[in-house]
Amino acid sequence: MGVNLSGALLAIDAGNSKTDVAVVGADGAVLGTARGGGFQPPVVGVGPAVDALAEIVGRAAAEAGLPIEFAHVSACLANADLPVEEAELTAALEARGWSRSVRVYNDTFAILRAGLDEPRGVAVVCGAGINCVGMLPDGRTARFPAIGKISGDWGGGSGLAEEALWFAARAEDGRGEPTALARTLPAHFGLPTMYALIEALHLGTIPYERRHELTPVLFRTSAEGDAVARSLVHRLAEEVTALSTVALGRLELLAEEAPVMLGGSVLAARHPELDGRIAELLAARAPKAVIGVVTSPPVLGAALLALDAVAAGPEAAARLRGHYA
């Protein structure tokens, strides 16, 4: 291919459910790609997780016609939530010998960078869980542990589904206020009552992983005017606003125009009520924030971070974006 090996870069976006890998030239050309399963070191261990990652990297390198040797590795990895985890994963990737230059990020940084023309701004990602990161061109970052309730997190598709079930169960048996969720949640699965849904979830008749299907039901119920459902939508908007304003403040961006990018399946779905409430709250608390929605694949962000690391320049970034447009 006439590619200078010294310019070949490896970009990895490894989420909980899937992994995308790209081999990219320093000019922004995408030379090879591959996709595989999720990256879950807490479940299988760091070694086996990196073994599975290596197989995907091997396929991408083979498509590019290159050996597995790169000028730089930019790896945006799920479960790299704490600095100690980043350090452990960095060491594991360095041990593979793919490059003498390896940088591990939490996978939320891939979504942030994918949505920005320069590495400056904040992203809030709400998929199964919720997280927020921010970055500046000088390398400074803002982030949260984002490991669940013990780190103060609330929200995400899984959390919203659990909250909706809680309110619906209490509405049906009389412990809580009435809500249409007591009807709409079981109806989604063709069941007549919350009791029937509780039984099905408890006994595994409805698999645990199908609970995420209830999040869109929550939003539809809210749009139909249900007060309890709406309160959950508004609480999510409060969380998104709190995360983004704190991150902007840490990066000293509250006083200047700065992007706040929204990503992940829940926020990218563009629920009008949620979008409107977030815009209203940010206008009051961070009036110079500019809201955007990230729909580009996160591996683009990982590859842009790799280009940043080698100071590739705007033409290379534009070429890369063109590939993923």
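Look up a bit, the structure's there.
Everything numeric in this text was worked out from a predicted model, so none of it was measured.

Q: When you look at the pairing of strand β4 (residues 72-77) in this model, what are you seeing that I'm missing?
A: Regular strands place their side chains on alternate faces of the sheet. Of all the six residues making up β4, six are buried; the element is thus mostly covered by neighbouring parts of the structure. Side chains His72, Ser74 and Cys76 of β4 all project onto a buried face; the interleaved residues Val73, Ala75 and Leu77 project onto the opposite face, where all are buried too. As paired strands, strand β1 (residues 9-14) and β4 are joined by six bridges and run parallel to one another. In the sheet register, Ala11 faces β4, and the bridge partner there is Ser74. As paired elements, β4 and strand β5 (residues 102-106) share five bridges and run parallel to each other. In the sheet register, Cys76 faces β5, and the bridge partner there is Tyr105. On the question of chirality, the crossover connecting β4 to the parallel β5 by way of helix α3 (residues 83-94) is right-handed.

Q: Would you explain the layout of surface pockets in this entry?
A: Here the largest pocket is characterised by a volume of approximately 1,100 Å³. Along the wall of the largest pocket there are 37 residues; nearest its centre are Asn16, Val125, Gly127, Ala128 and Gly129. The element contributing the most residues to the lining of the largest pocket is helix α5 (residues 156-173), with five residues. Here the residues of the lining of the largest pocket sort into 12 nonpolar, 17 polar and eight charged. Secondary structure elements with two or more residues in the lining of the second largest pocket: α5, α8 (214-223) and α10 (265-268). If you tally residues by element for the lining of the second largest pocket, the top one is α5, at four residues. Residues belonging to the lining of the second largest pocket are distributed by class as follows: seven nonpolar, seven polar and three charged.

Q: It is not clear to me how the state of the cysteines should be interpreted in this structure. Could you clarify?
A: Simply put, the disulfide is a covalent bond whose two ends are the sulfur atoms of two cysteines. Evaluated as defined, the whole model comprises zero disulfides. Considering cysteine sulfurs only, Cys132 is the nearest to Cys76, which forms no disulfide, with 15 Å between them. We classify Cys76 as buried; its relative accessible area is 0%. Its sulfur unpaired, Cys126 is 12 Å from the next cysteine sulfur, which belongs to Cys132.

Q: Would you take a moment to explain the sheet that holds β1 for this structure?
A: Hydrogen bonding along the main chain pairs the strands of a sheet, whether they run parallel or antiparallel. One open sheet holds the five strands; their spatial order is β3-β2-β1-β4-β5, and the pairing between them is mixed. Edge positions in the sheet fall to β3 (30-37) and β5, since each of these pairs with one other strand and no more. Each strand of the sheet is rotated relative to its neighbour by a mean of 10°, with strand direction disregarded. Packed on one face of the sheet, helix α13 (residues 314-324) meets β2 (18-24) and β3 and runs near 50° to β3.

Q: Mind showing me how you'd approach the packing of aromatic side chains here?
A: Aromatic ring pairs are defined here through the distance separating the ring centres and the angle between the ring planes. According to the stated counting rule, one finds two aromatic pairs in the structure shown. Taken together, a centroid distance of 5.9 Å and an interplanar angle of 50° make the contact between Tyr105 and Phe109 tilted. The class of Tyr105 is buried, set by a relative accessible area of 9%. By relative accessible area, which is 2% here, Phe109 ends up buried. Geometrically, the ring pair formed by Trp166 and Phe167 is edge-to-face, given 4.9 Å between the ring centres and 85° between the ring planes.

What counts, and at which threshold
- Residues numbered from 1 in each chain as written.
- Predicted model: local features only at pLDDT ≥ 70, side-chain atom pairs only at ≥ 80, totals over all residues.
- Heavy atoms only, no water.
- Buried < 20%, exposed > 50% of the residue type's maximum accessible area, 1.4 Å probe, protein only.
- Helix = DSSP H or I, 4+ residues; strand = E, 2+ residues; numbered from the N terminus.
- Pairing = 2+ DSSP bridges.
- Right-handed = clockwise from strand over helix to strand, strands pointing away.
- 1 Å grid on protein atoms, 1.4 Å probe; cavity = no way out; pocket = protein on both sides within 12 Å on 5 of 7 lines; lining within 4 Å.
- Points joined across faces, edges and corners; volume = space filled by probe spheres on them.
- Nonpolar A, V, L, I, M, F, W, Y, C, P; charged D, E, K, R; others polar.
- Disulfide = S-S within 2.5 Å.
- Axes fitted to C-alpha atoms, helices over the stretch in contact; angles between N-to-C directions.
- Contact = heavy atoms within 4.5 Å.
- Phe/Tyr/Trp six-rings, centres within 6.5 Å; stacked < 30°, edge-to-face > 60°.

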